[in-house]
Amino acid sequence: MDASAILPDATYEIECRKVRLDTTDESWHLGAFMNPRLVIFDNDGVLVDSESIAHRVLSGYLTELGFPFTLEESYRHFLGNAARTVHTVVADRYGGTLPADFTARCNERVFAAFELELRAVQGASTVLTELRRRGIPYCLASSSDHAWIDLTLERTGLRPLLPPEVVFSAQDVGGVGKPAPDLFLHAAASFGIDPRDCLVVEDSPNGVSAARAAGMPVIGYTALTPESSLTGATLFVQRLTGILDHLVHGH
């Protein structure tokens, strides 16, 4: 699901373990991958540790309503998808219908949990600070609304590293979120940078698809999402700071 609708993202620090470069794909080139002119981060699950909270609440609420989902099933069915996907999956799986106010009530529960638990992903501040030190521009591009993004950045302490001018929302492109490439293309254009010279960090299938549709190489962040779900990613890391191991030191 999309954070602005009912979700958010989570992650855990593990070893960076696999690199796979698809050198047959002409939509990117090795120079851009190793020495990008702009690094574009997703928010929920990549910078903000929100997915685990949201999906715990979501799966629990669905189970309470008589439509049992485990946490793992919630990730598999709803991670990176819009809120309407929940209604569709419940109808397909159980032949049931969720209450009309399901989304609003689920959001209330999620936000209440965030008040107590929301944190930045381990290593997020380190990565952004190091990119700034190396002189590598970066930004955030999320399908969520600006109000949601602002809330998460303020609550996690990441706002000083991500001021409004480097934060992009689907609201900026007429509400068209991932997997459409519009948001990533808008972010690149705002910096005056060719999409092929950008590098995206994503943890959802829709995010990877959006980046590839924009002609950008992608690092798949697999702390929560399995590699098999991130088809099209150029490289995989399981700890966020592993990204730094694959970039040169700036321009």
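Here the structure is a predicted model, which means the values were calculated and not measured. (Residues numbered from 1 in each chain as written. Predicted model: local features only at pLDDT ≥ 70, side-chain atom pairs only at ≥ 80, totals over all residues. Heavy atoms only, no water.)

Caption draft 1: Region of the structure containing the nonpolar core. Among the nonpolar cores identified, the biggest contains 73 residues, and Ile40, Phe41, Leu47, Leu162 and Leu240 are the most heavily contacted of them. Of all the elements, helix α2 (residues 51-64) adds the most residues to this core, at 6 residues. (Core = buried A, V, L, I, M, F, W, Y, C linked by side-chain atoms within 4.5 Å. Buried < 20%, exposed > 50% of the residue type's maximum accessible area, 1.4 Å probe, protein only. Helix = DSSP H or I, 4+ residues; strand = E, 2+ residues; numbered from the N terminus.)

Caption draft 2: Spotlight on the packing of aromatic side chains. If you walk through the whole model with that rule in mind, you get 8 aromatic pairs. Ring centres 6.4 Å apart and planes at 45° place the aromatic pair Phe111 and Phe114 in the tilted group. Here Phe111 and its partner Phe114 are both found in helix α5 (residues 102-117), 3 residues apart, which amounts to about one turn of the helix. The class for Phe111 is partly exposed, based on a relative accessible area of 35%. Note on Phe114 and Trp148: the rings are 5.2 Å apart at their centroids and 45° apart in plane angle, and the pair reads as tilted. Note that Phe114 is positioned in helix α5 and Trp148 in helix α7 (residues 146-156), a separation of 34 residues in sequence. Classification of Trp148 as buried rests on a relative accessible area of 6%. Aromatic rings pair up to connect Phe67, Phe69, Phe78 and Tyr94 into one cluster. Over the aromatic face of Phe69 sits the side chain of Arg93, whose NZ or CZ is 4.4 Å from the ring centroid. Positioned above the aromatic ring of Tyr61 is the side chain of Arg109, whose terminal nitrogen or guanidinium carbon lies 4.1 Å from the ring centre. (Phe/Tyr/Trp six-rings, centres within 6.5 Å; stacked < 30°, edge-to-face > 60°. Lys NZ or Arg CZ within 6 Å of the ring centre and 35° of its normal.)

Caption draft 3: Region of interest: the sheet that holds strand β3 (residues 167-169). The strand order across the open sheet built from 6 strands is β3-β2-β1-β4-β5-β6, with neighbouring strands paired in parallel fashion. Unpaired on one side and paired on the other, β3 and β6 (235-237) mark the two borders of the sheet. Averaged over all adjacent pairs, the angle separating strand axes in this sheet is 25°, with direction ignored. Note that strand β2 (residues 138-142) and β3 share 3 bridges and pair parallel. Its bridge partner lying in β3, Ala141 is registered against Phe168. Lying over the sheet, helix α6 (residues 124-134) contacts β1 (38-41) and β2, oriented at roughly 165° with respect to β1. Against the sheet, α7 contacts β2 and β3, and its axis sits at roughly 145° relative to β3. (Pairing = 2+ DSSP bridges. Axes fitted to C-alpha atoms, helices over the stretch in contact; angles between N-to-C directions. Contact = heavy atoms within 4.5 Å.)

Caption draft 4: Looking closely at α2. Spanning 14 residues, α2 covers 19 Å between terminal C-alpha atoms, matching the ideal 20 Å at 1.5 Å per step. Among the 14 residues that make up α2, 10 are buried, leaving the element largely enclosed by the rest of the structure. For α2, the set of buried residues is Glu51, Ser52, Ile53, Ala54, His55, Val57, Leu58, Ser59, Tyr61 and Leu62. Among the structural elements, α3 (71-78), α4 (84-94) and α5 are those in contact with the buried residues of α2. (Expected span 1.5 Å × (residues − 1).)

Caption draft 5: Summary view of the side chain of Glu73. Along the polypeptide, Glu73 turns up in helix α3. With relative accessibility at 16%, the residue Glu73 sits in the buried group. When residues no more than four places from it in sequence are discounted, the contact partners of Glu73 are Pro68 and Arg93.

Everything listed here is a matter of geometry and, on its own, says nothing about what the molecule does.
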